[in-house]
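# Understanding the architecture of this molecule
Spelled out from the first residue to the last, the chains are:
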Amino acid sequence: MESKDLQLVVEIRCKPGAEREIEQRVVEFVARTRAEPGCSWASFHRVEEYPERFVFLAGFADEAALQAHFDADWRNELTHDLPDKLAEWPRRFTLRRVA
């Protein structure tokens, strides 16, 4: 039987010098994500080998909870000026457990 829960993985690569600001901003992003109905967990990590790279991870109960995360109004207030600080657009993957 296919699992309903989903994991979101977002890889972020920031411009040199923007690491501290990205880190501070995403701490708030993670806290708000954790407070969403249907979010079972969320975390944010710096890639040790590449200090300009970060990975955001979150688990959601189902597709509706994940879509509600994408549609949340607060996301724009925290991310509206991020493109100026990014080296490339974040890569996003949605994972569904197979085994």
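Details of the structure are given in the entry above.
Residues numbered from 1 in each chain as written. Predicted model: local features only at pLDDT ≥ 70, side-chain atom pairs only at ≥ 80, totals over all residues. Heavy atoms only, no water.

## Focus: the nonpolar core
As a rule of thumb, nonpolar side chains are buried together in soluble globular proteins. Using the following cut-off: Throughout this description, the term nonpolar core refers to a set of buried Ala, Val, Leu, Ile, Met, Phe, Trp, Tyr and Cys residues connected via side-chain atoms within 4.5 Å. Note on exposure labels: buried denotes an accessible area under 20% of the residue type's maximum, exposed denotes more than 50%, and partly exposed covers the range between, all computed with a 1.4 Å probe on protein chains only. Under the DSSP-based scheme used, a helix requires at least four consecutive residues in state H or I and a strand at least two consecutive residues in state E, with every element numbered from the N terminus. Working rule for contacts: check all heavy atoms of both residues, and any pair within 4.5 Å makes them a contact.
Core analysis: the largest hydrophobic core is formed by 25 residues, its most contacted members being Leu-8, Ile-12, Ile-22, Phe-44, Phe-56 and Phe-60. Every element with two or more residues in this core is listed here: strand 1 (6–13), helix 1 (19–34), strand 2 (39–46), strand 3 (53–60), helix 2 (63–71) and helix 3 (74–79). When neighbours within four sequence positions are excluded, Ile-22 is seen to be in contact with Ile-12, Cys-14, Phe-44, Phe-54, Leu-82, Lys-85 and Leu-86.

## Let's talk about the sheet that holds strand 3
Keep this limit in mind: Each pair of strands is called paired provided DSSP finds at least two bridges between the two strands. Axis lines are fitted to C-alpha atoms, over the contacting stretch for helices. Their N-to-C directions set the angle, which ranges from 0 to 180 degrees.
Sheet architecture is open: four strands sit in the order 2-3-1-4, paired in antiparallel fashion. Edge positions in the sheet fall to strand 2 and strand 4 (91–96), since each of these pairs with one other strand and no more. Within the sheet, the average angular offset between the axes of one strand and its neighbour, ignoring direction, is 15°. Bridge count for strand 1 against strand 3 is eight bridges, and the pairing is antiparallel. Residue Arg-13 lies in a different strand from strand 3, and its bridge partner there is Arg-53. Set on the sheet, helix 1 makes contact with strand 1, strand 2 and strand 3; between it and strand 2 the angle comes to about 170°.

## Regarding the packing of aromatic side chains
What counts, and what does not: Pairing of aromatic rings covers Phe, Tyr and Trp, the last through its six-membered ring, and needs centres within 6.5 Å; plane angles under 30 degrees mean stacked, over 60 mean edge-to-face, and all others mean tilted. Note on geometry: a ring has a charge over it if NZ (lysine) or CZ (arginine) is within 6 Å of the ring centre and within 35 degrees of the ring normal.
The full count for this structure, using the stated rule, is three aromatic pairs. Pairing Phe-29 with Phe-56 gives two aromatic rings, centres 5.4 Å apart and planes at 85°, and the pair type is edge-to-face. Highlighted residues: Phe-29 in helix 1 and Phe-56 in strand 3, separated in sequence by 27 residues. Residues Phe-29 and Phe-56 agree in their burial class; the two are buried. Judged by centre distance (4.9 Å) and plane angle (65°), the ring pair of Phe-29 and Trp-74 falls under edge-to-face. Placement of Phe-29 in helix 1 and of Trp-74 in helix 3 is noted, with a sequence separation of 45 residues between them. Assigned by exposure class, Phe-29 and Trp-74 land together as buried. Grouping aromatic residues by their ring pairs yields a cluster made of Phe-29, Phe-56 and Trp-74. For the cation-ring pair, Arg-53 lies above Tyr-50, with the distance from its terminal atom to the ring centre recorded as 6.0 Å.

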